[in-house]
Amino acid sequence: QELEEKYRVKKPYFLYVGTLQPRKNIETIVDSFLRLAKNESTAKLVLAGGTGWGMDKVLNKIRKSSFKDRIILTGYVSEEEKAGLYKNAEAFLFPSQYEGFGIPVLESFSYGVPVITAKNSSLPEVGGNAAIYIENVMSSAELEECMKKIFGLSEADRMLLSEKGIQQFNKFTWKKCAREIFELFCGNAV
């Protein structure tokens, strides 16, 4: 309720969390949402994070859009607000052009939120079989189709995708990471 009052965030919405910058492919996210919004009257898009460099074109596109009231730019959000945004999202959108690892994908999985991401760099390793992938990271049509797929999921299919995400998240715990690093340096001495 606090998020709804503060940011006008109301279900259903798609979510991106992170700095708004070109490498994160925000323009494709916005273009995909604008395509979806023409036929899906209830959907919203929440872009949570500070605005980085090179975003003037995208921000202007949002301002000029007839769907600008359904695109919420929150700016920086606290950890508590971020958790609330994740928990209520239809899906997390992360079609990044390149990621060294992709922690936001795991963060989404930890909340049981479906993830739509790019099939590039480290993202397939992080997403495993729990994410929905786009092949062409620059294709707003492909991302829109994945967003439609999320809206079309039955409750059972949504729960299955959520469970896969949580299982994938559990493959990357800090405890497991520490154990593997220890074994790398010390062998199986414990």
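Whatever comes next refers back to the structure up there.
Residues numbered from 1 in each chain as written. Predicted model: local features only at pLDDT ≥ 70, side-chain atom pairs only at ≥ 80, totals over all residues. Heavy atoms only, no water.

Visitor: Describe the pairing of strand 2 (residues 44-48), with residues and values.
Guide: For a regular strand, side-chain orientation follows a simple rule: the groups alternate between the two sheet faces. Of all 5 residues making up strand 2, 5 are buried, and the element is well covered by its neighbours. Every second residue of strand 2 is oriented toward a common face, with Lys44, Val46 and Ala48 on one face and Leu45 and Leu47 on the other, all of them buried. Strand direction decides the pairing type here: strand 1 (residues 13-17) and strand 2, joined by 5 bridges, are parallel. The partner of valine 17 across the bridge, within strand 2, is alanine 48. Read as a crossover between parallel neighbours, the route from strand 1 over helix 2 (residues 26-37) to strand 2 is right-handed. Note: strand 2 against strand 3 (residues 71-75), 4 bridges, orientation parallel. Considered in strand 3, the bridge of alanine 48 is made with glycine 75. For the segment spanning strand 2, helix 3 (residues 56-64) and strand 3, crossover handedness is right-handed. (Buried < 20%, exposed > 50% of the residue type's maximum accessible area, 1.4 Å probe, protein only. Helix = DSSP H or I, 4+ residues; strand = E, 2+ residues; numbered from the N terminus. Pairing = 2+ DSSP bridges. Right-handed = clockwise from strand over helix to strand, strands pointing away.)

Visitor: So what's going on with the environment of asparagine 129? Which residues, and what values?
Guide: Counting through the fold element by element, asparagine 129 comes out in the loop between helix 6 (123-127) and strand 6 (132-134). Residue asparagine 129 is classed as exposed on the basis of its relative accessible area of 55%. Put simply, asparagine 129 and leucine 161 are 32 residues apart on the chain and 9.2 Å apart in space, counted from C-alpha to C-alpha.

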